[in-house]
Amino acid sequence: MAAHGHQTTAQELVVTEGDAGPYAITTGPDGALWFTVVHHGLIGRLVPGETPTFHRLDPECGPTVIVPGPDGALWFTEYQAHRIGRITVAGEVAEFTIPTPESGPFGIAAGPDGALWFTQTTTDRIGRITVDGQVSEFPLPTTGAFASAITAGSDGAMWFTLNQANAIGRISMDGAVDLHPLPTEAAAPVGVASAPDGALWFVEIGAGQVGRMTPDGQITEFPLPDRAARPHAITVDDEGVAWFTEWQGNRIGSITRDGAVTLYDLPTPASEPHGITCGPDRALWAALEIGALARVPRKAD
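Predicted model, so just to flag it, every value in this text is computed and none were measured. What you see as residue numbers is a count from 1 along each chain, following the sequence as written. Predicted model: local features are reported for residues with pLDDT of at least 70 only, side-chain atom pairs are reported and counted for 80 or more only, and whole-chain, interface and lining totals are derived from all residues. With hydrogens and water stripped out, all remaining heavy atoms of the structure feed into the side-chain values.

Chemist: How should unusual backbone geometry be read in this particular structure?
Modeler: The phi angle of most residues is negative, glycine excepted, and most peptide bonds adopt the trans form. The residue Asp124 is not glycine, and still its phi comes out positive at about 50°. Strands are runs of DSSP state E lasting at least 2 residues, helices are runs of H or I lasting at least 4, and numbering of each runs from the N terminus. In this fold, Asp124 is placed in the loop between strand E12 (116-120) and strand E13 (125-129). Exposure remark for Asp124: the relative accessible area of 11% places this residue in the buried category. Burial here depends on accessible area, computed with a 1.4 Å probe over protein chains only, as a share of the maximum for the residue type. Under 20% is buried, over 50% is exposed, and the range in between is partly exposed.

Chemist: Honestly, the environment of Leu263 in this entry has me stumped. Any pointers?
Modeler: Here Leu263 lies in strand E26 (residues 261-265). Along the primary structure Leu263 and Arg251 are separated by 12 residues, whereas in three dimensions their C-alpha atoms are 6.5 Å apart.

Chemist: Would you explain the UniProt feature "active site" (unreviewed entry) in the chain in this entry?
Modeler: Look at the UniProt record and you will see "active site" (unreviewed entry) annotated at His274. By secondary structure assignment, the location of His274 is in strand E27 (residues 273-278). Under the relative-accessibility criterion, His274 is labelled buried at 6%. Any two residues whose heavy atoms approach within 4.5 Å are treated as being in contact. Filtering out sequence-adjacent residues up to four positions away, His274 remains in contact with Tyr23, His232, Ala233, Thr245, Trp247, Ala287 and Glu289. Under this definition, polar contacts are N or O atom pairs within 3.5 Å; protein pairs additionally need one hydrogen-donor-capable and one acceptor-capable atom, and for neighbouring residues in sequence, both atoms have to be side-chain atoms. At 3.1 Å, the side chain of His274 and the side chain of His232 are in polar contact. UniProt positions are given in the numbering used here, feature names are shortened, and annotations may be inferred rather than shown by experiment.

Chemist: When you look at the nonpolar core in this model, what are you seeing that I'm missing?
Modeler: Soluble globular proteins: nonpolar side chains tend toward being buried together. Only buried Ala, Val, Leu, Ile, Met, Phe, Trp, Tyr and Cys residues count toward a nonpolar core, and they belong to the same one when joined by side-chain atoms within 4.5 Å. Within the largest apolar cluster, 24 residues are counted, with the highest numbers of intra-cluster contacts made by Trp34, Ile43, Ile66, Trp75, Ile84, Ile108 and Ile129. When contributions to this core are tallied by element, the ones reaching two or more residues are strand E3 (22-27), strand E7 (63-68), strand E8 (74-78), strand E9 (83-87), strand E11 (105-110) and E12.

Chemist: Even after reading the chapter, I still don't get the packing of aromatic side chains, so can you show me in this structure?
Modeler: The way to describe two aromatic rings as a pair is by their centre distance and the angle between their planes. Pairing of aromatic side chains requires ring centres within 6.5 Å, counting the rings of Phe and Tyr and the six-membered ring of Trp. Pairs whose planes differ by under 30 degrees are stacked, by over 60 edge-to-face, and all others tilted. Within the structure shown, the criterion is met by seven aromatic pairs. When the ring of Trp75 is compared with that of Phe96, the centres are 5.8 Å apart and the planes differ by 15°; the resulting orientation is stacked. One end of the pair, Trp75, is in strand E8; the other, Phe96, is in strand E10 (residues 93-97), with 21 residues separating them in the sequence. Residue classification places Phe96 among the buried residues on the basis of a relative accessible area of 18%.

Chemist: Looking at this model, I keep getting lost on the sheet that holds strand E16 (residues 158-162). Mind explaining?
Modeler: For sheets, the rule is that strands pair by backbone hydrogen bonds, running either parallel or antiparallel. Should DSSP find at least two bridges between two strands, the strands are regarded as paired. Pairing is antiparallel across the open sheet formed by four strands, whose spatial order is E15-E16-E17-E18. Only two strands of the sheet have a single neighbouring strand rather than two, namely strand E15 (147-152) and strand E18 (177-181). This sheet shows a mean twist of 25° between the axes of neighbouring strands, independent of strand direction. Bridge count for strand E17 (residues 167-171) against E18 is five bridges, and the pairing is antiparallel. Bridge pairing in E18 places Arg170 opposite Asp178. Inter-axis angles, ranging from 0 to 180 degrees, are taken between N-to-C directions of lines fitted to C-alpha atoms, where helices are fitted over the stretch in contact.

The structure is reproduced here in structure tokens:
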């Protein structure tokens, strides 16, 4: 049985109105935190210790996941508008329409080929967009899979979660797709992230577990202390520790390679933590849909 610890050191910073919905968060190339505000159509920028600034998009576009691109800009999905967006660190926005209509883009990540790869939740496709906006699409060998998060693997391919197909997918740069079914039925994987040792970490929102998969496809699942916590997003720090949000559990958690879990309670009840990232200050930052960001310092700091 893996050890479990409980901490209460999460701090909270209010950044928007309560219903605005900070959703995903990442560290930009400018040393600032960038986050999406899904319900109000905003991209936020925060230098820790300073006041956040915001860039306005179409209020109905639903900006969802945001990541640094290979071109020094930030790239994000517009789930409601079915577009891919790009914002420079100076705040200049460009938006690109996806050829397949009503595709529901969600996850996005920079690939090893200098392009961005993204998931299409409603059309069973993985998309690829070059930094000048050229989009190509690759069909998945399954239907109704709800492709969700995506990350670059250590093997030169992209890896993604299939929330409704209960699998982890791999797509090579030429579009070839392999699926790895999960051991637990109805696990409903969402977040996925790459670790320095080449493994992938992912969260199972339906099963209350965190999973780890080696590059050769060996899957280990770690049940969380609260199986109803609904883990949502995950990231891995430079020491190989995985950090995740518990959407229902109202916590941020960390898990080591051997399955030791530490949990951090969030100050505000029902704060709906979604995205999580390693910040420029080495702390972990999570987006809380109630209008705030949470910060958890790492133990070594």
